[in-house]
Amino acid sequence: VSTQSTWVQSIVEAVRGNFESNIGRKTEEFVAVHFVSQVVSGTNYFIKVRIGSSEYAFLRVYKPFSGDHQLTAYQLGKSAEENVSYFEPHTHTRVGGVGKVNPATEEVQNIVNTVRGDFESKEGKQTHFQAVHYKSQVVAGANYFVKVQVSDSGFAFLRIYKHFSGSITLHSYQVGKGAEDEVEYF
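Asker: Before we move on, could you go through the overall build of the protein chain and cite the residues and values that matter?
Answerer: When helices and strands are counted, the protein chain shows 2 helices and 10 strands. Counting the 186 residues in the protein chain, one finds 45% classified as buried. Here the analysis covers contacts within the protein chain between residues at least 6 apart in sequence; of these, 44% occur between residues at least 24 apart. Element-wise, carbon and sulfur atoms account for 49% of the exposed surface of the protein chain, whose accessible area totals about 9,200 Å².

Asker: Before we move on, can you summarise the pattern of salt bridges with the specific residues and values?
Answerer: Following the criterion strictly, the structure yields 10 salt bridges and no others. The closest approach of N and O atoms between Glu29 and Arg50, which form a salt bridge, is 3.0 Å. Here the residue Glu29 occupies a position in the loop between helix 1 (6–23) and strand 2 (31–40), and Arg50 occupies one in strand 3 (residues 42–52), the gap between them amounting to 21 residues. Two residues, Lys125 and Glu120, come together in a salt bridge whose shortest N-O distance is 4.0 Å. Within the structure, one salt-bridge network assembled from shared partners comprises Glu13, Arg16, Glu20 and Lys26.

Asker: Could you give me a rundown of the side chain of Ser21, with the residues and numbers involved?
Answerer: Looking at where Ser21 falls in the secondary structure, it is placed in helix 1. Once you skip the residues sitting within four places of it in the chain, Ser21 turns out to touch Ser136, Ala142 and Tyr144.

Asker: Report on the pairing of strand 4 (residues 55–64), specifying residues and quantitative values.
Answerer: With 8 of its 10 residues buried, strand 4 lies for the most part within the structure. Here 10 bridges tie strand 3 to strand 4, and the two strands are oriented antiparallel to one another. Considered in strand 4, the bridge of Phe46 is made with Arg60. Linking two consecutive strands that pair antiparallel, namely strand 3 and strand 4, is a turn of 2 residues. Two elements, strand 4 and strand 5 (residues 70–78), share 6 bridges in a ladder whose sense is antiparallel. Residue pairing for strand 5: Arg60 is matched across the bridge by Ala73.

Asker: Could you give an account of the environment of Ala57, with specific residues and numbers?
Answerer: Position of Ala57 relative to the elements: it lies in strand 4. With 18 residues separating them along the chain, Ala57 and Gln75 place their C-alpha atoms 5.5 Å apart. Leaving out residues up to four positions away in the same chain, Ala57 has contacts with Phe19, Ile47, Lys48, Val49, Ile51, Gln75, Leu76 and Lys78.

Asker: Outline the packing of aromatic side chains, listing residues and values.
Answerer: Going through the model one piece at a time under the given rule, you end up with 6 aromatic pairs. Between Phe19 and Phe30 the ring centres are 5.4 Å apart and the planes differ by 45 degrees, which places this aromatic pair in the tilted class. Here Phe19, found in helix 1, pairs with Phe30, found in the loop between helix 1 and strand 2; they are 11 residues apart in sequence, far enough to count as distant. Accessibility classification places Phe19 together with Phe30 in one group, the buried group.

Definitions and cut-offs
- Residues numbered from 1 in each chain as written.
- Predicted model: local features only at pLDDT ≥ 70, side-chain atom pairs only at ≥ 80, totals over all residues.
- Heavy atoms only, no water.
- Helix = DSSP H or I, 4+ residues; strand = E, 2+ residues; numbered from the N terminus.
- Buried < 20%, exposed > 50% of the residue type's maximum accessible area, 1.4 Å probe, protein only.
- Contact = heavy atoms within 4.5 Å.
- Areas by Shrake-Rupley, 256 points an atom, 1.4 Å probe, with all protein chains shown as cover.
- Salt bridge = Lys/Arg side-chain N within 4 Å of Asp/Glu carboxyl O.
- Pairing = 2+ DSSP bridges.
- Phe/Tyr/Trp six-rings, centres within 6.5 Å; stacked < 30°, edge-to-face > 60°.

Have a look at this one:
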């Protein structure tokens, strides 16, 4: 295990946006603490990052021989005492895999508000348009699968794509959902 260095911090900064998008919140800090690496057809970096005053995460970042750094997995809930080491990407943490269901955040509501006009142009004016919960998937940007309350008792599932550039589009949606339905990949 090696200690923090300027170039490792630059790797961490290169994937910070992906990481924060995937966990659905901004981090208080994002400081590389330790790392190990593995040479494959490029290099896998396993980096311990301080994301709050006493909050840590492990990142798995892949750097192909030519190309940009890619966040391929992460693990939350790590402590100051834990040392980072090799770990496999798992479905619930892998970039490209769909994350767990989370309560809607202000950021998710803002994303939903951005596509409301597109949705209403296809389905008509809605009395409500409140994000309830969501799952996300990091791709070349992020897919958001959001449950939205569209009337007193009606819900819809929206699949929204947010590109890394910041552009947001309504990819697809499903109507006729109930209060007990949990959003899934579609």
